[in-house]
Amino acid sequence: MLATGTTGGTFYPVGVALSTLAKAEAKADFSLTAISSAGSMENIKLLRDNQSQFALVLAIFAAWAYNGEGPIKTPQSDLRSISGMWPNVEHFVLHSDFVTSGTLSDLNDLDGERYVLGARNSGAEHTGIYILDALEIDYEKKLTLGYMTYGASAGALQDGNIIGMNVPAGPPVTAITQAFAQMRSDMTVLNFEMSQIAAINQRYPLWQAHELPPDTYPYQDQSIMTAASPNVLIVRADVSEKIVYDLTRMLWENLPTLQQIHSATRSMRLEEALYGIPVPLHPGALRYYRERAIQIPDNLNPPESFNVSEN
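Read on for a plain summary of the structure. (Residues numbered from 1 in each chain as written. Predicted model: local features only at pLDDT ≥ 70, side-chain atom pairs only at ≥ 80, totals over all residues. Heavy atoms only, no water.)

## A few points about the environment of V239
With respect to the secondary-structure elements, V239 resides in the loop between strand 11 (224–236) and helix 9 (241–253). Residue class for V239 comes out buried when judged on its relative accessible area of 9%. Expressed as a C-alpha distance, the spacing of V239 and H282, which sit 43 residues apart in the sequence, is 8.8 Å. (Helix = DSSP H or I, 4+ residues; strand = E, 2+ residues; numbered from the N terminus. Buried < 20%, exposed > 50% of the residue type's maximum accessible area, 1.4 Å probe, protein only.)

## A look at the side chain of S83
Inspection of the secondary structure assignment puts S83 in strand 4 (residues 79–89). At a separation of 3.4 Å, a polar atom in the side chain of S83 contacts the side chain of Y289. For S83, the residues in contact, after removing those within four places along its chain, are N231, V232, L233, L251, W252, A273, I277 and Y289. (Polar contact = N/O pair within 3.5 Å; in protein donor to acceptor, adjacent residues only side chain to side chain. Contact = heavy atoms within 4.5 Å.)

## Examining unusual backbone geometry
A negative phi angle is the norm for most residues apart from glycine, just as the trans form is the norm for most peptide bonds. That bond from P171 to P172 is cis: its omega, -5 degrees, falls within 30 degrees of zero. As for its position among the elements, P172 is in the loop between strand 8 (164–166) and helix 7 (174–183). Positioned with a positive phi, N121 is a non-glycine residue whose angle comes to about 65 degrees. Among the secondary structure elements, N121 is positioned in the loop between strand 6 (113–116) and helix 4 (123–134). In this structure, Y219 is a non-glycine residue whose phi angle is positive, near 65 degrees.

## Observations concerning the nonpolar core
Within the largest apolar cluster, 82 residues are counted, with the highest numbers of intra-cluster contacts made by F92, L107 and Y289. No other element matches the 7 residues that helix 3 (residues 59–67) contributes to this core. Apart from residues no more than four positions distant in its own chain, L107 is found in contact with F92, L94, Y115, L132, I137, K142, L143 and L190. Core analysis: the next-biggest nonpolar cluster, separate from the first, contains 23 residues, V116, M148, V173 and A179 among them. (Core = buried A, V, L, I, M, F, W, Y, C linked by side-chain atoms within 4.5 Å.)

## Topic: the packing of helix 3 against helix 4
When two helices pack together, their arrangement is given by the angle between their axes and by how far apart the axes lie. The contact between helix 3 and helix 4 brings their axes to 10 Å, and the two run at 80 degrees. Compared by their axis directions, helix 3 and helix 4 come out roughly perpendicular. Residue-level inspection shows I60, F61 and W64 of helix 3 in contact with helix 4, the latter providing G123, H126, T127 and Y130. Taken together, the residues that form the contact of helix 3 with helix 4 break down as 4 nonpolar, 3 polar and no charged. (Axes fitted to C-alpha atoms, helices over the stretch in contact; angles between N-to-C directions. Parallel < 35°, antiparallel > 145°, perpendicular 65-115°, else oblique. Nonpolar A, V, L, I, M, F, W, Y, C, P; charged D, E, K, R; others polar.)

## Regarding the pattern of salt bridges
One pass over the structure, following the stated rule, counts 10 salt bridges. Among the ionic pairs, D49 bridges to R48, the shortest N-O distance being 2.9 Å. Of the charged contacts, one joins E291 and R287 as a salt bridge, the two residues approaching to 4.0 Å between their closest N and O atoms. Of this pair, E291 and R287 both sit in helix 11 (residues 283–291), 4 residues apart, which is roughly one turn of the helix. Its relative accessible area of 48% is what places E291 among the partly exposed residues. By relative accessible area, R287 is classed as partly exposed at 30%. Through salt bridges with shared partners, a single ionic network connects K242, D246, R249 and E253. (Salt bridge = Lys/Arg side-chain N within 4 Å of Asp/Glu carboxyl O.)

## Thoughts on the pairing of strand 11
Counting buried residues along strand 11, 12 of its 13 residues qualify, which places the element largely inside the surrounding structure. Pairing of strand 3 (residues 54–58) with strand 11, which is carried by 5 bridges, proceeds in the antiparallel orientation. When the sheet's bridge partners are listed, A55 is paired in strand 11 with I234. Pairing analysis gives 8 bridges linking strand 4 to strand 11, with the strands arranged antiparallel. Each bridged residue has a counterpart across the sheet, and for V89 the counterpart in strand 11 is A228. Here strand 10 (residues 208–212) runs beside strand 11; their pairing, made up of 5 bridges, is antiparallel. Each bridged residue has a counterpart across the sheet, and for E211 the counterpart in strand 11 is M225. (Pairing = 2+ DSSP bridges.)

Set out below in structure tokens:
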């Protein structure tokens with residue numbers, strides 16, 4: 001089983017595409033079924049309970065789960081990585097009436113206005129809290145938090161019921177596109193300063209600067225410099241080396257097909273497959289990358305104490 005996300009997000013269609021490739025791959029002797037889920041938080045639990053063997057998650061959730069940090073209190077040391085996927089881009093949106101510097105610092109100037117960090121217990125909420133904490137923005141004092149999905153948040157922003165929203169996803173994000181189309185210059189996607197990216201990378205160096213060029217969204221006539229961290233494909237350590245090797249090979253040898261199926265994967269490059277991966281590689285994935293002469297960072301070598309079967 002491959003745990004993905006909601007049917008309206010990016011994880012699910014990419015997961016379905018991977019399962020379709022596995023079925024069509026003549027060399028593959030395993031089957032892969034993509035299942036819809038609530039996203040990263042639930043996927044970590046599904047892996048823990050062995051209800052799923054593979055999952056797509058935000059990189060920070062893989063790190064939290066492996067180390068037992070953040071919202072995941074019990075370490076899951078049996079998690080392994082297969083590959084970094086496409087970038088998850090931060091979109092901290094604020095009504096332009098409240099914008100002064102145009103950076104995330106503007107959130108620290110609010111006075112209890114209603115802001116949505118994400119749906120309750122979602123990846124957006126947890127990563128939003130992590131980023132604001134790292135920037136020493138007192139979100140509990142400065143913001144009155146609402147909890148909504150991306151689409152509902154965009155509607156509430158347009159209706160004036162909230163003054164901003166946090167929408168981390170692969171651009172262009174439908175909710176941001178719809179809001180820009182209606183609000184035009186009345187909404188702003190806040191920029192990240194390099195010092196702010198350095199601050200959120202203090203514990204886990206996962207984020208890098210990410211430019212949203214003009215016309216990424218309707219009526220966007222200037223570049224937006226935000227930040228992005230990778231989504232990652234992870235697996236339980238007890239899945240056989242052969243299966244993980246075959247899946248890794250299938251992923252990269254069929255990347256052009258995958259890119260035709262979903263645009264989010266068009267930024268993926270084999271040479272960048274290991275960027276931002278926070279947990280060790282599975283031996284099957286490690287073998288594939290070594291064959292392709294990809295340099296392996298020391299921290300991604302699998303722990304020798306955990307052996308998997310070859311079958």
